[in-house]
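# Topology and contacts: notes
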Amino acid sequence: MNIIINFIKEVFKKAGFSDTVIGLSGGVDSAVSFALVTQALGIDHVYPVLLPYGSLSTQGVLDAMKLIEKLHVPFSHITRIDIKPAVDTIIKSDVMMDRVRRGNIMERVRMTYLFDQAKKRKALVVGTENKTEHVLGYFTRYGDEASDVEPIRHLYKTQVYELAKQFMIPEEIIQKPPSADLWPEQTDEGEFGFTYKDADEILFLLVEEKKTEEEVVAAGFDKNLVSAVVRRMSFNFFKHETPHILS
C-alpha cells in the first residue's frame, strides 16, 4: 500500500500538480483508487466525479456517496453529471446500434467529462483499471482506460479486493458483483463466462510465470476454462497495440 501511495505522490510532484479528479462508480476498483489518492494527496486535493447514466447507476451513486462520507471528502468537492443526455444524443444517430457500441459511447463520454473537470480544476485524472481487466482487454479504448495515472493497474482483481479490506471499504461495495453499469443486469463475470478468481489464477501462470496454455491445463485447470481466458486475451490483444505508428 505504501509503495502505491508513494508512487502517486511522486507522479504528482514530477508533473507539478496537487489536485486530482477521479470517477467514482461505486465499484471496488474506483473505491480503492479513491482511498489511495486521498491517502497520497489529502482529502482537500481530491475531487470525485459521479457519472451515472440516468437511473441505471442509482445504486452505484449511493455506494459512492457512502465511500465519500466514510473518507470525509468535502461535499463541495463532488461533481455529479448525468451522462444520459450526451450519450442519447449520439446514439440517436443509429437506431440499429447494439448495446456494446452504446456501452463504448458511455465510457468515452465519461472520459470526456473527467478530463474536462480535470482541466477546470488544474488537476490530473486518476484511473481505476486493474491488471485483470487490462490483460483481458476488458476496457474501452480512450474510455475507461484513459487517465493520467493508474494506481492499481499492476494489481489483479483479487489483489484489489485484498486492498479494499485493508482500507475497510464498505462491505456492500466489496460484495456487489463487478459491473460497468452499461446496461441493466450487466456484470463483468457474466460477460466473461468465468470468474475473476479463476481468471487471476490462470493469468498469473500465463503472464507472470510465462506458462503455455498446455502447461496451465497440466497444472490442474479445466481446459475449456483456460481456453476461454486465452481467447479473450487474444481477441482483445489489438487494444494493446494501437495506435500503429510508422517508424
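Residues numbered from 1 in each chain as written. Predicted model: local features only at pLDDT ≥ 70, side-chain atom pairs only at ≥ 80, totals over all residues. Heavy atoms only, no water.

## Focus on the packing of aromatic side chains
Summed over all chains, the structure comprises three aromatic pairs. Taking 4.8 Å as the distance between ring centres and 70° as the angle between the ring planes, the aromatic pair formed by Tyr138 and Phe192 counts as edge-to-face. Of the two residues, Tyr138 is situated in the loop between α6 (131-136) and α7 (157-166) and Phe192 in helix α9 (residues 188-192); the sequence distance between them amounts to 54 residues. When its relative accessible area of 12% is taken as the criterion, Tyr138 is described as buried. Under the relative-accessibility criterion, Phe192 is labelled buried at 8%. Aromatic side chains Phe192 and Phe194 sit 5.3 Å apart centroid to centroid with 20° between the ring planes, which places their arrangement in the stacked category. Within the aromatic cluster, the residues linked to one another by ring pairs are Tyr138, Phe192, Phe194 and Tyr196. Against the face of Tyr196 rests Lys157, its NZ or CZ located 4.9 Å from the ring centre. Cation over ring: Lys239 sits above Phe139, and NZ or CZ is 5.1 Å from the ring centre. (Phe/Tyr/Trp six-rings, centres within 6.5 Å; stacked < 30°, edge-to-face > 60°. Helix = DSSP H or I, 4+ residues; strand = E, 2+ residues; numbered from the N terminus. Buried < 20%, exposed > 50% of the residue type's maximum accessible area, 1.4 Å probe, protein only. Lys NZ or Arg CZ within 6 Å of the ring centre and 35° of its normal.)

## Some details on the nonpolar core
Ranked by size, the top nonpolar core spans 37 residues in total, and within it Ile8, Val32, Phe34, Leu36, Leu67 and Ile169 carry the most contacts. Those elements that provide at least two residues to this core are α1 (2-15), α2 (28-41), β2 (46-50), α3 (58-70), β4 (124-126), α7 and α8 (171-175). By residue number, the principal contributor to this core is α2, which donates nine residues. Not counting residues up to four positions away in its chain, the partners in contact with Phe34 are Ile22, Leu24, Val46, Pro48, Leu67, Ile68, Leu71 and Val73. (Core = buried A, V, L, I, M, F, W, Y, C linked by side-chain atoms within 4.5 Å. Contact = heavy atoms within 4.5 Å.)

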